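Descriptive structure summary
These are the residues of each chain, in order.
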Amino acid sequence: MGQVAELTGLGMRTIRHYEEVGLAPPTARSAGGFRLYTDTDVARLRVIMRMKPLEFTLEEMRDLLEVLHRLDDPGTGPAERERLPCQVAAYRDRVDQRCAKLPARLAGAEDFSTELGDRLEAGRPAPRP
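Scoring rules and cut-offs
- Residues numbered from 1 in each chain as written.
- Predicted model: local features only at pLDDT ≥ 70, side-chain atom pairs only at ≥ 80, totals over all residues.
- Heavy atoms only, no water.
- Helix = DSSP H or I, 4+ residues; strand = E, 2+ residues; numbered from the N terminus.
- Contact = heavy atoms within 4.5 Å.
- Phe/Tyr/Trp six-rings, centres within 6.5 Å; stacked < 30°, edge-to-face > 60°.
- Buried < 20%, exposed > 50% of the residue type's maximum accessible area, 1.4 Å probe, protein only.
- Lys NZ or Arg CZ within 6 Å of the ring centre and 35° of its normal.
- Axes fitted to C-alpha atoms, helices over the stretch in contact; angles between N-to-C directions.
- Parallel < 35°, antiparallel > 145°, perpendicular 65-115°, else oblique.
- Left-handed = near helix turned anticlockwise from the far one by under 90°.
- Nonpolar A, V, L, I, M, F, W, Y, C, P; charged D, E, K, R; others polar.
- Patch = residues over 30% accessible without salt bridge, like charges linked within 9 Å, V, L, I, M, F, W, Y side chains within 5 Å.
- Areas by Shrake-Rupley, 256 points an atom, 1.4 Å probe, with all protein chains shown as cover.
- Salt bridge = Lys/Arg side-chain N within 4 Å of Asp/Glu carboxyl O.
- Lys, Arg positive; Asp, Glu negative; His and termini not counted.
- Charge placed at Lys NZ, Arg CZ, Asp CG, Glu CD.
- pLDDT = per-residue confidence, 0-100.
- Core = buried A, V, L, I, M, F, W, Y, C linked by side-chain atoms within 4.5 Å.

**Considerations on the environment of E60**
Along the chain, the position of E60 falls in helix α4 (residues 58–72). Each C-alpha atom of the pair E60 and Y91 lies 8.9 Å from the other, and the pair is 31 residues apart in sequence. Beyond its immediate stretch of four places on either side in the chain, E60 contacts M51, E55, Y91, R94 and R98.

Below, the structure is given as structure tokens:
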């Protein structure tokens, strides 16, 4: 798990949480009980990392991860394979909509930072000569 944490930049506690809620269970465990993650598992965690700042719910994350898994699965039937890109496109639209809101959110955060800085300055005694 430590290696996966290093690869993804996620904390081990966060990885455990995603495992507990069923978003990113490890593929296997060693005889000693250590979690064993594949490249696919790491890729799932990276998708989660990208969805989190865009405020996707755990259910939305779970759904998209399943759609992507079925899209990559060679055993997915042709009828389902034809429907899956529409679902991915719907998530892409949601991502685009949420990205469009980010500049306003960033501006609000920057204003808040400036306001806190102003309060700090107002509360400091004047420098002595």
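On we go.
**Re the packing of aromatic side chains**
Inspection of the entire model under this criterion finds one aromatic pair. Aromatic side chains F56 and Y91 sit 6.2 Å apart centroid to centroid with 40 degrees between the ring planes, which places their arrangement in the tilted category. Here F56 is found in the loop between α3 (39–51) and α4, whereas its partner Y91 is found in helix α5 (residues 78–123), with 35 residues between them in sequence. Take F56 and Y91: they sit in the same class, and that class is buried. Its end group placed over the ring of F56, R98 keeps NZ or CZ at 4.1 Å from the ring centre.

**Remarks on the packing of α3 against α4**
Close contact between α3 and α4 brings their axes to 11 Å; oriented N to C, the two are set at 140 degrees. Here α3 is positioned oblique relative to α4, judged by the angle of their axes. Classified by chirality, the crossing of α4 by α3 is right-handed. Counting all contacts with α3, which are made through R44, V47, I48 and M51, the residues of α4 involved are E60, M61, L64, L65 and L68. Tallied by class, the residues present in the contact of α3 with α4 amount to seven nonpolar, no polar and two charged.

**Considerations on a negative patch on the surface**
Taken together, the side chains of E110, D111, E115 and D118 make up a negatively charged region of the molecular surface. Mapping D111 onto the fold places it in helix α5. Look at D111 and you get exposed, because its relative accessible area is 54%.

**Here's the deal with the pattern of salt bridges**
Two side chains with opposite charge may pair up if their charged atoms get near one another. By the definition in use, this model includes seven salt bridges. Residues joined by salt bridges that share partners form a network here, namely E19, R29 and R35.

**As for the confidence of the model for the chain**
Mean pLDDT for the chain: 92, with 97% of residues reaching 70 or above. The element-level mean pLDDT for the chain is lowest in strand β2 (residues 35–36), coming to 88, with α4 highest at 95.

**A word on the environment of D93**
Within the secondary structure, D93 is located in helix α5. Taking the relative accessible area as the measure of exposure, D93 reaches 46% and is therefore partly exposed. Residues D93 and V67 lie 26 residues apart in sequence; the distance between their C-alpha atoms is 15 Å.

**Quick look at the nonpolar core**
Grouped together as the largest cluster of nonpolar side chains are 19 residues, with contacts concentrated most on I15, Y18, L45 and I48. Mapped by element, the contributors of at least two residues to this core are α1 (2–8), α2 (12–20), α3 and α4. Per-element tally for this core: the top contributor is α3, with four residues. Residues in contact with Y18, not counting those within four places in the same chain, are L10, L23, A24, L45, I48 and K52.

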